[in-house]
Number of protein chains: 2
Amino acid sequence: MAALSEFSLIERYFKQLTPQREDVLLGIGDDCALLQCPADHVIAVSIDTLVEGIHFFTGVDPESLGHKSLAVGLSDLAAMGATPAWFTLALTLPKLDEDWLHGFSQGLANLAKQYDIQLVGGDTTKGPLAISIQVHGFVEANKAIQRSGAQLGDMIYVSGCLGDAGAALRLQSNQWNDEILNEQDRVYLQQRLEQPNPRVQLGQELVGLACAAIDISDGLLADLGHITEKNGMGARLDLTKLPLSSALSKINQQLAQVFALESGDDYELCFIVPSQHFAEVEQRFKGQVTRIGMITDDDGIYYIDDNDNLIELKGIGYDHFIN
Amino acid sequence: MAALSEFSLIERYFKQLTPQREDVLLGIGDDCALLQCPADHVIAVSIDTLVEGIHFFTGVDPESLGHKSLAVGLSDLAAMGATPAWFTLALTLPKLDEDWLHGFSQGLANLAKQYDIQLVGGDTTKGPLAISIQVHGFVEANKAIQRSGAQLGDMIYVSGCLGDAGAALRLQSNQWNDEILNEQDRVYLQQRLEQPNPRVQLGQELVGLACAAIDISDGLLADLGHITEKNGMGARLDLTKLPLSSALSKINQQLAQVFALESGDDYELCFIVPSQHFAEVEQRFKGQVTRIGMITDDDGIYYIDDNDNLIELKGIGYDHFIN
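None of these values were measured; they are calculated from a predicted model.

Visitor: Would you explain the packing of helix α2 (residues 62–80) of chain A against helix α3 (residues 98–114) of chain A in this entry?
Guide: When two helices pack together, you describe them by how their axes are tilted relative to each other and by the distance separating the axes. All names here are of chain A. One can describe the packing of α2 onto α3 by two numbers: an axis separation of 6 Å at closest approach and a directional angle of 40°. What the angle tells us is that α2 and α3 run oblique. Between α2 and α3 lies a crossing whose hand is right-handed. In this structure, α2 uses Pro 62, Glu 63, Leu 65, Gly 66, His 67, Ser 69, Leu 70, Ala 71 and Leu 74 to contact α3, whose residues at the interface are Trp 100, Gly 103, Phe 104, Gln 106, Gly 107, Leu 108, Asn 110, Leu 111 and Ala 112.

Written as structure tokens, this is what we have:
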């Protein structure tokens, strides 16, 4: 491992790039970092790994990859309503590629600056390309938004638009195409896949308003399913309300809905709001969030079709629409 | 990734195995874990990755690998004098192998119980075998032992014996052998490589006594070098004082010294003690620690040979002795 010295790589490419925070008493360069949590707050932590060929395409733009590697963790903090503070980076690289490291570290650093999150430790090793990032944030004691907490009659909201990342993934892997999409649409979709915007500010503002939340990394149905299962509840969705980008609004509506329901990688928030906060949420986050359904005591997640039939949203795959 | 669901793997193999701590307000199963740091303490964190073929042999006993993956991080906490509290696990696996997972999780859990450290989060992904573990511990504010803090005339100590892991590595990779080693010696050496004992308790007891410390993961010379460089100091070692196990005491003395100086993976502590604490350290840790030299204002790390020459310990490789 002489050629890829942990110390010099982290020092050279990463240490100075991220914000320097006062609550980092000791940063990179010792056996441990020493970190101070503010009084009356708890620490929220989450770790995620991205592996080449599984989570991203070989040859993906390193700056985008740096962005996405951190965005994934920030999205988890957002889902708890936590304020980002620190992160660590375990980077496994097949070889020392200065251009790649420069791009990757820039993408990481730009997002880190935006959210005032400091790199406080890391490990670089030789091996197949993989990135593990652990994020740490603060949230006031007893204020974190968890997956539990949803009750019958609560409303289901999502941020932003859904399905863009899934559409981009299928375009890029030649699993699907639609000539109606112009160059601008394609660039937009690719950016949504490669450089997701974690909803950090929204998450923090939802503290005290949302009673449950999750970030959409595995797809709306799967992630909302984690909430309903955890609470022993079900859900009914209005598929016509699923928020679609202008790009996805052009394509077959049913296919766009399937993308919105099943695509991972959107990193939007799905959150649950009790009746006493409907009005405030609708007014305060107008244009940012969309009400898509309601928590029910059904066993599963359903929608009502044009003939007023209650249909379970289970096993409806996009394959049906593209084959 | 259907076959290797993150949720079920972590839930099934790891969640219940480690201690349940009161300061874990929310553990595995949400977007983040929620953790509470005790008042007047700071959090010490360290992340390390072990990659198959780089840090461990293909086919290594999974229980030993589970032990070692956590031991590496605990050793970093030990070097700061921190008390272990929580860890996270990012596990990348080529396939779902139940026997392997059972063994790995047992090795991890046994060590976790010993040090009351709880698994609070994780991510499992498909890919080439690699393990990243982040450990978190507590240390009283302003009490952590850092690498900086060594001064002229301070004494250099190490815990345990040195060189065993390096000898085992060379035995196992057929780079070296010595017929004088019996079966018991070989088993002992292999255990030192595969199941190192992090010096957690010693590290905590050194708070207030040691002015600097590091754990020996890259070899004594390299790691002591981090301390001397950080402090703008040098060191003189008495090579005859390097603590050797009974196994390594049997082999060529110079070669054993080279193993002790250059081998990584021992996970002993190297720590620096100022004059006012010599007596207490010698008495309190008798049999556990050995004084091996002194901090000097030399530029580098030296020893004095039989002819009273000052020789720099740089670039003395074990190749010299085995070719």
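Visitor: It is not clear to me how the confidence of the model for chain A should be interpreted in this structure. Could you clarify?
Guide: Parts of the prediction with low pLDDT should not have their coordinates interpreted in detail. All names here are of chain A. On average, residues of chain A carry a pLDDT of 93, and 95% of them reach 70 or more. Note on residues 318–323: pLDDT is under 50 here. Beyond four places in sequence and across chains, it has 13 contacts. Interface confidence for the predicted complex, expressed as ipTM, amounts to 0.94; the pTM equals 0.94.

Visitor: I tried to follow the relation of the copies chain B and chain A on my own but got confused; where do I start?
Guide: For the pair of chain copies, the relating operation is a rotation around an axis with a shift along it. Relative to chain A, chain B is turned by 180° and slid 0.0 Å along the rotation axis, the superposed coordinates differing by an RMSD of 0.0 Å. The two molecules are tied by a two-fold rotation axis, judged by turn and shift. An overlap of 100% is found between the interface residues of chain B and their copies at the interface of chain A, pointing to a shared contact surface.

Visitor: So what exactly am I meant to see when it comes to the sheet that holds strand β12 (residues 301–304) of chain B here?
Guide: Strand pairs in the sheet, formed through backbone hydrogen bonds, run parallel or antiparallel to each other. Residues and elements named next belong to chain B. Spatial ordering of the open sheet is given by β8-β10-β7-β11-β9-β12-β13, a layout of 7 strands whose pairing is mixed. One side of each edge strand has no neighbouring strand; the edge strands of this open sheet are β8 (212–215) and β13 (310–312). Neighbouring strand axes in the sheet, compared pairwise and without regard to direction, differ in orientation by 30° on average. In terms of strand pairing, strand β9 (residues 234–237) meets strand β11 (residues 289–296) through 4 bridges, oriented antiparallel. Bridging across to β11, Ala 235 finds its partner in Ile 295.

Visitor: Before we go on, may I ask you to explain the domain arrangement of chain A in this structure?
Guide: Reports of interface size often rely on the accessible area that becomes lost once the parts have come together. All names here are of chain A. Assigned domains within chain A: domain 1 (6–140) and domain 2 (155–312). With 17 residues of domain 1 at the contact, the number on the domain 2 side is 20 residues. Viewed at the interface, domain 2 and domain 1 are joined by 1 salt bridge. With a shortest N-O distance of 3.5 Å, Asp 265 and Lys 68 are connected by a salt bridge. Classifying every residue of the side of domain 1 that touches domain 2 by side-chain character gives 10 nonpolar, 5 polar and 2 charged.

Visitor: Quick question: what am I supposed to make of the pairing of strand β10 (residues 269–273) of chain A here?
Guide: Within a regular strand, the side chains alternate between the two sheet faces. Residues and elements named next belong to chain A. For β10, a buried count of 5 out of 5 residues is recorded, marking the element as mostly surrounded by other parts of the structure. The two faces of β10 match: Leu 269, Phe 271 and Val 273 on one face and Cys 270 and Ile 272 on the other face are all buried. Two elements, strand β7 (residues 155–159) and β10, share 4 bridges in a ladder whose sense is antiparallel. Its bridge partner lying in β10, Tyr 157 is registered against Phe 271. Summarising the sheet, strand β8 (residues 212–215) and β10 pair through 4 bridges and their orientation is antiparallel. When the bridges of β10 are listed, Ile 214 appears paired with Cys 270.

Visitor: It is not clear to me how the sheet that holds strand β1 (residues 24–26) of chain B should be interpreted in this structure. Could you clarify?
Guide: Ordered in space as β5(A)-β4(A)-β6(A)-β3(A)-β2(B)-β1(B), the 6 strands form an open sheet in which the pairing is mixed. A strand with exactly one partner marks an edge of an open sheet, and here the two such strands are β5 (118–126) of chain A together with β1 of chain B. Taking each pair of neighbouring strands and ignoring which way they run, the sheet shows an average axis angle of 25°. Of the strands in this sheet, β4 (83–93) and β6 (130–140) of chain A are in contact with α3 of chain A, which crosses β4 of chain A at around 165°.

Visitor: I keep staring at the environment of Asp 178 of chain B and nothing clicks. Help me out?
Guide: Residue and element names in this part refer to chain B. Relative to the helices and strands, Asp 178 resides in the loop between α4 (164–172) and α5 (183–194). Sequence separation between Asp 178 and His 226 is 48 residues; the distance between their C-alpha atoms is 32 Å. When sequence neighbours within four positions are dropped, the list of residues in contact with Asp 178 reads Arg 186 and Ile 251.

Visitor: Sorry if this is basic, but what is going on with the pairing of strand β4 (residues 83–93) of chain B here?
Guide: Residue and element names in this part refer to chain B. For β4, the buried fraction is high: 10 of the 11 residues fall into the buried class. Relative to strand β6 (residues 130–140), β4 runs antiparallel, the two being bridged by 9 bridges. Bridging from a neighbouring strand, Thr 92 pairs with Ala 130 of β6. The pairing of β4 with strand β5 (residues 118–126) spans 8 bridges and is classified as parallel. Its bridge partner lying in β5, Leu 91 is registered against Thr 124. With helix α3 (residues 98–114) bridging β4 and its parallel neighbour β5, the resulting β-α-β unit is right-handed.

Visitor: I tried to follow the packing of aromatic side chains on my own but got confused; where do I start?
Guide: Aromatic ring pairs are described here by two measures, namely the spacing of the ring centres and the angle between the planes. A complete count under the given rule lists 10 aromatic pairs over all chains for this structure. Ring centres of Trp 86 of chain A and Phe 138 of chain A lie 5.2 Å apart, and the angle between their planes is 80°; on these two criteria the pair is classed as edge-to-face. Highlighted residues: Trp 86 of chain A in strand β4 and Phe 138 of chain A in strand β6, separated in sequence by 52 residues. Looking at Trp 86 of chain A, the relative accessible area reads 1%, which means it is buried. Aromatic pair Trp 100 of chain B and Phe 104 of chain B: ring centres 4.8 Å apart, planes at 10°, arrangement stacked. Of the two residues, Trp 100 of chain B and Phe 104 of chain B are both situated in helix α3; the distance of 4 residues between them amounts to about one turn of the helix. What makes Trp 100 of chain B buried here is its relative accessible area of 14%. Here the aromatic cluster, defined as three or more aromatic residues joined through ring pairs, consists of Phe 14, Trp 100 and Phe 104 of chain A.

Thresholds, definitions, all that
- Each chain has its residues counted from 1, running along the sequence as written.
- A letter from A marks each chain and a number from 1 marks each ligand, given out in the order of writing.
- The model is predicted, so local features are restricted to residues of pLDDT at least 70 and side-chain atom pairs to those at 80 or more, both for listing and for counting; the totals for chains, interfaces and linings are taken over all residues.
- Hydrogens and waters are ignored; side-chain quantities use all the structure's heavy atoms.
- Only the stretch in contact is used when fitting a helix axis, every axis being a line fitted to C-alpha atoms; angles between N-to-C directions are given from 0 to 180 degrees.
- Under the DSSP-based scheme used, a helix requires at least four consecutive residues in state H or I and a strand at least two consecutive residues in state E, with every element numbered from the N terminus.
- Any angle between 65 and 115 degrees counts as roughly perpendicular, while under 35 counts as roughly parallel, over 145 as roughly antiparallel, and the rest as oblique.
- A crossing counts as left-handed when the near helix is turned anticlockwise from the far one by less than a right angle, and as right-handed when that turn is clockwise.
- Two residues qualify as a contact provided that any one of their heavy atoms is within 4.5 Å of a heavy atom in the partner residue.
- For every residue, the predictor assigns a confidence score, pLDDT, that lies between 0 and 100.
- Least squares is used to superpose the copies, and the fit set is the C-alpha atoms of residues whose pLDDT is at least 70 in both copies.
- Here the rule is simple: two strands pair whenever DSSP picks up at least two bridges between them.
- What fixes the domain bounds is an automatic or database domain assignment.
- We count a salt bridge whenever a side-chain nitrogen from Lys or Arg sits within 4 Å of a carboxyl oxygen from Asp or Glu.
- In this classification, the charged set is Asp, Glu, Lys and Arg, the nonpolar set is Ala, Val, Leu, Ile, Met, Phe, Trp, Tyr, Cys and Pro, and all remaining amino acids, among them Gly, are polar.
- Each residue is assigned to one of three classes by its accessible area relative to the maximum for its type, calculated with a 1.4 Å probe on protein chains only: buried under 20%, partly exposed between the two thresholds, exposed over 50%.
- Place the viewer so that the strands point away; then a crossover is right-handed whenever the path from the first strand over the helix to the second strand goes clockwise.
- Two rings from Phe, Tyr or Trp (for Trp, the six-membered ring) form a pair when their centres sit within 6.5 Å of each other. Planes less than 30 degrees apart are called stacked, planes more than 60 degrees apart edge-to-face, and all others tilted.

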